[in-house]
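Residues per chain are reported as follows:
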Amino acid sequence: MSLIHEIDFGTPRSTSQTMVTLSIDGQRVTVPEGTSIMRAAMQIGTQIPKLCATDMMDAFGSCRLCLVEIDGRNGTPASCTTPVAEGISVRTQTERLKTLRKGVMELYISDHPLDCLTCSANGDCELQDMAGAVGLRDVRYGYDGGKHPNPGIDASNPYFTYDPSKCIVCSRCVRACEDVQGTFALTIAGRGFGSVVSAGMQESFLGSECVSCGACVQACPTATLNEKSIIEIGTPEHSVVTTCAYCGVGCSFKAEMRGEEVVRMLPYKDGKANRGHSCVKGRFAWGYATHKERILNPMIRERITDPWREVSWDEAFSYAAAEFKRIQAKYGRDSVGGITSSRCTNEETFLVQKLIRAGFGNNNVDTCARVCHSPTGYGLSTTFGTSAGTQDFDSVEHTDVVLIIGANPTDGHPVFASRLKKRLRQGAKLIVVDPRRTDIVRSARVEAAHHLPLKPGTNVAVLTAIAHVIVTEGLVNEAFVRERCDWDEFEGWASFVALPQNSPEQTQAATGVDPTELRQAARLFATGGNAVIYYGLGVTEHSQGSTTVMAIANLAMATGNIGRPGVGVNPLRGQNNVQGACDMGSFPHELPGYRHIGTDSVRESFESLWGVHLNKEPGLRIPNMLDAAVDGSFKALYVQGEDILQSDPNTKHVAAGLEAMECVIVHDLFLNETANYAHIFLPGSTFLEKNGTFTNAERRIQRVRKVMTPRNGLEDWQVTLGLAKAMGYAMSYEHPSQIMDEIAALTPTFAGVSYAKLDELGSIQWPCNDNAPEGTPVMHIDHFVRGKGKFVITEYVATDEKTGPRYPLLLTTGRILSQYNVGAQTRRTANVVWHDEDRLEIHPHDAEQRGVRDGDWVRLASRAGETTLRALITERVAPGVVYTTFHHPDTQANVITTEYSDWATNCPEYKVTAVQVSPSNGPSEWQKAYDEQARQARRIASSIEAAE
């Protein structure tokens with residue numbers, strides 16, 4: 001194995017369809033109009049020396065190293081900023097150019113300390129490479145860089161250092177922060193020899209607005225900005241392309257290694273989801289894989305009050321199988337079940353649901369997607385015929401109007417948010433529907449045209465009011481609706497939304513949204529050109545989650561914004577493989593490919609290949625499993641890669657259900673909250689230690705490649721195989737590619753997917769079959785999958801969770817950039833520097849009424865329970881609304897949430913909880929007890945590590 005070197009063409013590619021032919025050093029080349037001479041030269045293998053240019057950003061033309069000569073033109077223009085022209089003849093190497101380039105390099109080197117032998121970038125330094133490329137052998141002006149400003153190394157960021165003494169002021173880091181990331185945190189301060197890169201107003205990197213995405217580090221051609229891991233470990237010697245295991249964007253990375261040690265994760269330019277960009281989590285927060293608290297050996301105990309006992313894999317499998325068999329013999333076949341993981345691969349998830357259906361003999365399988373995006377599946381399958389988003393991420397480059405509802409992409413999906421912000425800076429208009437003023441509403445050089453700060457729980461009323469404006473003002477795309485949708489259903493829907501009670505003025509009392517602002521937003525969406533909708537958990541995690549998804553689909557169909565680039569309906573999935581977990585048949589009523597278990601022909605195809613009879617009755621959902629456990633009829637659960645005690649609503653009820661079970665198997669990396677109630681712990685493997693595939697939010701299937709041996713001894717799919725064999729249902733696979741072959745054989749939308757094709761194409765968006773052999777970037781182009789698009793009447797029904805004198809505020813929840821989901825991974829990295837506790841955001845008016853000051857401990861109480869956390873006073877939230885994240889288990893935000901859920905899918909209503917906030921003296925008694933449990937878990941992990 002060796003390092004994967006990606007070609008840097010110097011400038012971005014041109015999208016022009018007009019071709020231009022020119023001559024470079026006597027060689028003819030044909031390229032798209034608008035291509036730079038530098039890029040055209042690179043396409044024929046001629047590398048023109050450069051320092052300020054890179055194909056991740058627009059040309060800048062400051063280094064003056066890439067000069068060329070063009071016959072018939074005066075001077076020596078920079079090849080990065082000079083576009084090709086028909087018939088021109090370019091020379092890249094002449095005596096004149098050699099002299100000029102050497103002179104330029106002399107000036108750079110004279111202002112740069114030559115400590116190359118001990119420099120962390122030695123062997124990976126573009127300045128070093130370019131000095132060699134131009135043949136520089138002597139410098140007339142000295143070598144010590146003494147005139148260069150050197151305020152000292154800034155090591156404040158936990159992941160990289162900034163050494164201004166090595167800076168050549170090429171501005172690549174500044175432009176990466178602006179053009180790629182869109183944060184505008186860096187600038188060039190000073191002039192001439194006094195020029196220096198500055199974070200903010202000459203702040204430290206940690207104290208500035210830098211979001212640690214790594215774009216500046218990746219862009220730096222010297223060791224000015226460099227990863228601390230490179231400084232500590234040394235340069236990598238080989239690399240492997242894999243897929244990030246955090247959010248649903250699905251970024252591709254090069255894992256750069258020394259042996260089996262990760263040196264750094266570099267975003268892969270050919271990754272079609274991220275196009276060479278990254279965020280702080282994927283770029284830097286991979287250290288949890290080797291964290292000392294990770295459990296590496298199986299453990300068992302008879303009672304949850306007993307201490308854990310380490311055992312071999314064989315003993316763990318035998319004990320687990322014996323317990324499950326005993327329980328089924330005593331309580332019946334349906335007394336056991338399992339939960340698949342949205343953090344595991346498609347192949348691993350497929351095996352878990354196969355084990356439950358074929359090995360356990362029931363359909364008691366569910367997934368964490370139940371508690372986040374199950375309304376997406378129901379709503380979009382009802383209206384469009386598929387349970388997934390309609391577009392690829394590239395589509396945003398063609399949009400004119402963006403409507404974001406219930407999503408916070410800058411924190412939850414930051415790489416996509418950077419692409420979105422770039423499009424907004426180019427002129428696209430933005431509408432945000434959110435009770436909170438998120439960063440996308442207003443940030444550097446980006447501001448929403450309309451922010452509709454609705455009351456939590458009123459999504460349906462707002463969307464219906466938008467539809468009211470579109471219908472009553474004659475803004476419907478009638479031609480699209482007549483051709484592509486059921487016209488009778490449309491007329492019924494149009495009559496409903498046109499009712500006076502659905503007008504912005506009449507709904508204002510419920511939604512709190514200004515009618516004038518809403519009307520303007522509706523007109524912009526309907527008439528502003530290509531309009532796209534992105535949504536998140538702020539849509540789905542409501543009692544009307546499915547209704548809201550259908551209301552979104554109605555808007556897209558009514559305005560004709562479906563079936564081409566720049567439009568569509570796109571759920572921003574929370575975890576890395578939420579889409580894949582759903583695709584793989586993780587719901588109790590559906591086999592892989594969203595086909596109902598009760599359909600005889602579908603079930604028979606699985607029975608034929610699996611060699612068993614399958615139960616045609618749908619099984620239990622997660623809430624039903626917990627209810628049945630409390631009732632005494634559900635007794636055993638296999639949980640792979642999920643922490644339901646922290647992530648599911650009404651923590652007390654979840655704990656009661658787990659405590660009532662006789663055997664709980666937790667298959668995970670760490671002793672999580674659910675493991676407090678487990679009898680068997682099966683150690684899991686990280687994404688760095690396994691082969692498989694993830695499917696991101698745009699239906700993109702991508703390879704996950706093993707870069708190191710599993711520290712626990714087995715990949716997760718092998719663990720499931722071991723459990724299945726012990727249960728008496730042996731499954732035989734030598735590699736995950738064989739599992740994908742089985743998935744393709746049984747699932748029409750995956751029929752053309754194979755590891756060989758994934759390696760060839762890089763990634764594939766399903767459906768991939770004979771009709772779309774290379775996948776489907778944009779869905780519903782000529783017709784909807786279901787045939788005619790279905791309009792559904794979406795009547796607003798207020799949630800049963802009501803505010804009142806006792807609980808006058810509404811709590812809603814969300815995520816923060818540096819942390820991920822329940823924090824099991826990110827809390828075990830340096831990301832805690834930015835977010836070491838969950839805070840309660842509260843408006844100054846509400847805080848003043850309660851005598852709460854910024855940083856005070858407050859009691860947060862609901863009808864379900866209470867907790868304590870510290871207050872953050874901010875105007876991001878409106879009066880009457882409070883907000884918190886849920887990344888830290890000692891906060892236990894879900895102690896507060898109720899059991900209200902979506903009417904169609906049981907997705908919990910996390911986003912609307914009536915609460916009261918009052919001053920507190922500090923953590924509650926149960927939080928103190930939790931801290932002791934956490935310390936005990938750390939002691940267990942430490943003792944295991946010491947024993948090894």
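Placed above this text is the structure.
Figured I'd write up the structure that's included with this text. (Residues numbered from 1 in each chain as written. Predicted model: local features only at pLDDT ≥ 70, side-chain atom pairs only at ≥ 80, totals over all residues. Heavy atoms only, no water.)

1. Section: the overall build of the chain
Right, so step 1: Each helix and strand counted, the chain has 29 helices and 36 strands in total.
Right, so step 2: By the compact-globule yardstick of 30 Å for 948 residues, the chain fits well, its C-alpha radius of gyration being 29 Å.
Right, so step 3: Sorting the 948 residues of the chain into buried and exposed places 63% on the buried side.
Right, so step 4: Considering only intrachain contacts with a sequence separation of at least 6, the fraction spanning at least 24 residues in the chain is 73%.
Right, so step 5: Surface exposure of the chain reaches about 34000 Å², of which carbon and sulfur atoms provide 48%. (Helix = DSSP H or I, 4+ residues; strand = E, 2+ residues; numbered from the N terminus. Rg over C-alpha atoms; globule rule 2.2 N^0.38 Å. Buried < 20%, exposed > 50% of the residue type's maximum accessible area, 1.4 Å probe, protein only. Contact = heavy atoms within 4.5 Å. Areas by Shrake-Rupley, 256 points an atom, 1.4 Å probe, with all protein chains shown as cover.)

2. Some details on the sheet that holds strand S15 (residues 365–367)
Right, so step 1: Taken in spatial order, the seven strands make up an open sheet running S13-S12-S27-S26-S25-S14-S15, and their pairing is mixed. Of all the strands in the sheet, just strand S13 (309–310) and S15 have a single pairing partner and so form its edges.
Right, so step 2: In the sheet, strand S12 (residues 299–300) pairs with S13 via two bridges, with the strands oriented antiparallel. Each bridged residue has a counterpart across the sheet, and for Ile300 the counterpart in S13 is Arg309. (Pairing = 2+ DSSP bridges.)

3. As for the state of the cysteines
In protein chemistry, a disulfide is the covalent bond that joins the sulfur atoms of two cysteines.
Right, so step 1: Counting across every chain of the model gives zero disulfides.
Right, so step 2: In this structure Cys213 is not part of a disulfide, and its nearest cysteine sulfur, from Cys216, lies 6.3 Å away. (Disulfide = S-S within 2.5 Å.)

4. Observations concerning the packing of helix H16 (residues 504–511) against helix H17 (residues 515–527)
Right, so step 1: Following both chains from N to C, one finds H16 and H17 inclined at 115 degrees, their axes separated by 9 Å at the closest point. Crossing geometry of H16 relative to H17 is assigned as right-handed. For the pair H16 and H17, the contacting residues are Pro504, Glu505 and Gln508 in the first and Pro515, Leu518 and Arg519 in the second. (Axes fitted to C-alpha atoms, helices over the stretch in contact; angles between N-to-C directions. Left-handed = near helix turned anticlockwise from the far one by under 90°.)

5. Describing helix H15 (residues 487–497)
Right, so step 1: Along H15, the residues classified as buried are Trp487, Phe490, Trp493, Ala494, Phe496 and Val497.
Right, so step 2: On its buried side, H15 packs onto helix H13 (459–472), helix H14 (478–484) and helix H19 (545–558).
Right, so step 3: Its side-chain oxygen 3.1 Å from the backbone nitrogen of Asp488, Asp486 forms the N-cap of H15. (Polar contact = N/O pair within 3.5 Å; in protein donor to acceptor, adjacent residues only side chain to side chain.)

6. So, empty space enclosed by the protein
Sizing a probe to match a water molecule and rolling it over the atoms shows the empty space that remains.
Right, so step 1: In the structure shown here, the tally under the stated rule is eleven cavities of 30 Å³ or more.
Right, so step 2: If you add up the space inside the largest cavity, you get close to 410 Å³.
Right, so step 3: Lining the largest cavity are 28 residues, with Gly406, Ala407, Gly538, Thr813 and Lys911 positioned closest to its centre.
Right, so step 4: At the level of secondary structure, the elements contributing two or more residues to the lining of the largest cavity comprise helix H11 (409–412), helix H18 (537–540) and strand S31 (809–814).
Right, so step 5: Here the lining of the largest cavity takes three residues from S31, the largest share from any one element.
Right, so step 6: Taken together, the residues of the lining of the largest cavity break down into eight nonpolar, 14 polar and six charged.
Right, so step 7: Computed from the structure, the second largest cavity encloses a volume of approximately 220 Å³.
Right, so step 8: Class assignment for the residues of the lining of the second largest cavity results in seven nonpolar, seven polar and four charged. (1 Å grid on protein atoms, 1.4 Å probe; cavity = no way out; pocket = protein on both sides within 12 Å on 5 of 7 lines; lining within 4 Å. Points joined across faces, edges and corners; volume = space filled by probe spheres on them. Nonpolar A, V, L, I, M, F, W, Y, C, P; charged D, E, K, R; others polar.)

7. Things to note about helix H4 (residues 172–181)
Right, so step 1: For H4, the tally of buried residues reaches eight of ten residues, placing the bulk of the element in the interior.
Right, so step 2: For H4, the complete set of buried residues consists of Arg172, Cys173, Val174, Arg175, Ala176, Cys177, Val180 and Gln181.
Right, so step 3: Those residues of H4 that are buried lie in contact with helix H3 (126–133), strand S6 (186–189), strand S7 (196–199), helix H5 (215–219), strand S8 (225–227) and helix H12 (414–425).
Right, so step 4: Once H4 finishes, Gly182 follows within two positions and takes phi at roughly 80 degrees, a positive value.

8. Overview of the pattern of salt bridges
Right, so step 1: Enumeration over the complete set of coordinates arrives at 50 salt bridges.
Right, so step 2: One salt-bridge network, in which partners are shared between bridges, spans Asp124, Glu227, Glu256, Arg264 and Arg283. (Salt bridge = Lys/Arg side-chain N within 4 Å of Asp/Glu carboxyl O.)

9. A short note on the sheet that holds strand S21 (residues 531–535)
Neighbouring strands of a sheet are bound in pairs by backbone hydrogen bonds; such pairs are parallel or else antiparallel.
Right, so step 1: As summarised here, the arrangement of the five strands in space is S20-S17-S16-S21-S22, forming an open sheet in which the pairing is parallel. Either end of the sheet is taken by a strand with one partner, and the two such strands are strand S20 (450–452) and strand S22 (568–571). Each adjacent strand pair in this sheet contributes to an overall mean axis angle of 15 degrees, direction not counted.
Right, so step 2: Note: strand S16 (residues 401–405) against strand S17 (residues 429–433), five bridges, orientation parallel. Pairing of Ile405 across the sheet is with Val433, part of S17.

10. Side note on the side chain of Asn696
Right, so step 1: Position of Asn696 relative to the elements: it lies in the loop between strand S28 (692–695) and strand S29 (700–704).
Right, so step 2: A polar atom in the side chain of Asn696 sits 3.0 Å from the side chain of Glu698.
Right, so step 3: Residues contacting Asn696, with those up to four places away along its chain left out, are Gly248, Val249, Gly250, Ala273, Phe393, Asn576, Gln579 and Gln702.

11. Comments concerning the pairing of strand S14 (residues 336–340)
Right, so step 1: Among the five residues that make up S14, five are buried, leaving the element largely enclosed by the rest of the structure.
Right, so step 2: Going residue by residue along S14, you find Val336, Gly338 and Thr340 tucked away on one face and Gly337 and Ile339 tucked away on the opposite face as well.
Right, so step 3: The pairing of S14 with strand S25 (residues 636–640) spans four bridges and is parallel. Its bridge partner lying in S25, Ile339 is registered against Val639.
Right, so step 4: Viewed along the sheet, the connection from S14 through helix H9 (residues 346–360) into S15 turns out right-handed. (Right-handed = clockwise from strand over helix to strand, strands pointing away.)

12. Considering the side chain of Ser374
Right, so step 1: Its place among the elements puts Ser374 in helix H10 (residues 374–383).
Right, so step 2: We classify Ser374 as buried; its relative accessible area is 6%.
Right, so step 3: A distance of 2.9 Å separates a polar atom in the side chain of Ser374 from the backbone oxygen of Arg370.
Right, so step 4: The contact partners of Ser374, leaving out residues within four places of it in the chain, are Ala369, Phe587, Thr905 and Cys907.

13. A word on unusual backbone geometry
Right, so step 1: Note that the residue after Trp766, namely Pro767, is joined by a cis bond; omega there is 0 degrees.
Right, so step 2: The topology assignment puts Pro767 in the loop between strand S30 (763–765) and S31.
Right, so step 3: You will see that Arg445, though not glycine, has its phi angle at about 60 degrees, which is positive.
Right, so step 4: As for its position among the elements, Arg445 is in the loop between strand S18 (442–443) and strand S19 (446–447).
Right, so step 5: Looking at Arg445, the relative accessible area reads 62%, which means it is exposed.

14. Remarks on the environment of Leu420
Right, so step 1: Tracing the backbone shows Leu420 in helix H12.
Right, so step 2: Take Leu420: its relative accessible area is 0%, and that puts it in the buried class.
Right, so step 3: Between the C-alpha atom of Leu420 and that of His373, which follows or precedes it by 47 residues, the distance is 22 Å.
Right, so step 4: Residue contacts for Leu420: discarding those within four places in its chain leaves Val396, Val402, Ile404 and Ile440.

15. Quick notes on the packing of aromatic side chains
Right, so step 1: For the coordinates displayed, the defined rule picks out 21 aromatic pairs.
Right, so step 2: Here Phe480 and Phe784 contribute two aromatic rings whose centre-to-centre distance is 6.5 Å and whose plane-to-plane angle is 85 degrees, an arrangement assigned as edge-to-face. Of this pair, Phe480 sits in helix H14 while Phe784 sits in the loop between S30 and S31, and the two are 304 residues apart along the sequence.
Right, so step 3: Owing to a relative accessible area of 0%, Phe784 belongs among the buried residues under this scheme. (Phe/Tyr/Trp six-rings, centres within 6.5 Å; stacked < 30°, edge-to-face > 60°.)

16. Some words on the packing of H13 against H19
Right, so step 1: Interhelical geometry of H13 versus H19 gives an angle of 20 degrees and a closest axis separation of 9 Å. In this view, H13 runs roughly parallel relative to H19, as classed from their interaxial angle. The crossing of H13 and H19 is left-handed. On H19, the residues that touch Asn459, Val460, Leu463, Ile466, Ala467 and Ile470 of H13 are Thr547, Thr548, Ala551, Ile552 and Leu555. (Parallel < 35°, antiparallel > 145°, perpendicular 65-115°, else oblique.)

17. Focus on the environment of Lys455
Right, so step 1: Its location among the elements puts Lys455 in the loop between S20 and H13.
Right, so step 2: The sequence separation of Lys455 and Pro623 amounts to 168 residues, and the corresponding C-alpha distance is 27 Å.
Right, so step 3: In contact with Lys455, other than residues within four places in its own chain, are Ala509, Ala510, Thr511 and Gly512.

18. Here's the deal with the pairing of strand S34 (residues 866–873)
Right, so step 1: Summarising the sheet, strand S32 (residues 839–842) and S34 pair through four bridges and their orientation is parallel. When the sheet's bridge partners are listed, Ile842 is paired in S34 with Ile873.
Right, so step 2: Alignment of strand S33 (residues 857–862) against S34, held across five bridges, turns out to be antiparallel. In the sheet register, Trp857 faces S34, and the bridge partner there is Arg870.

By themselves, these observations are geometric and do not establish any function.
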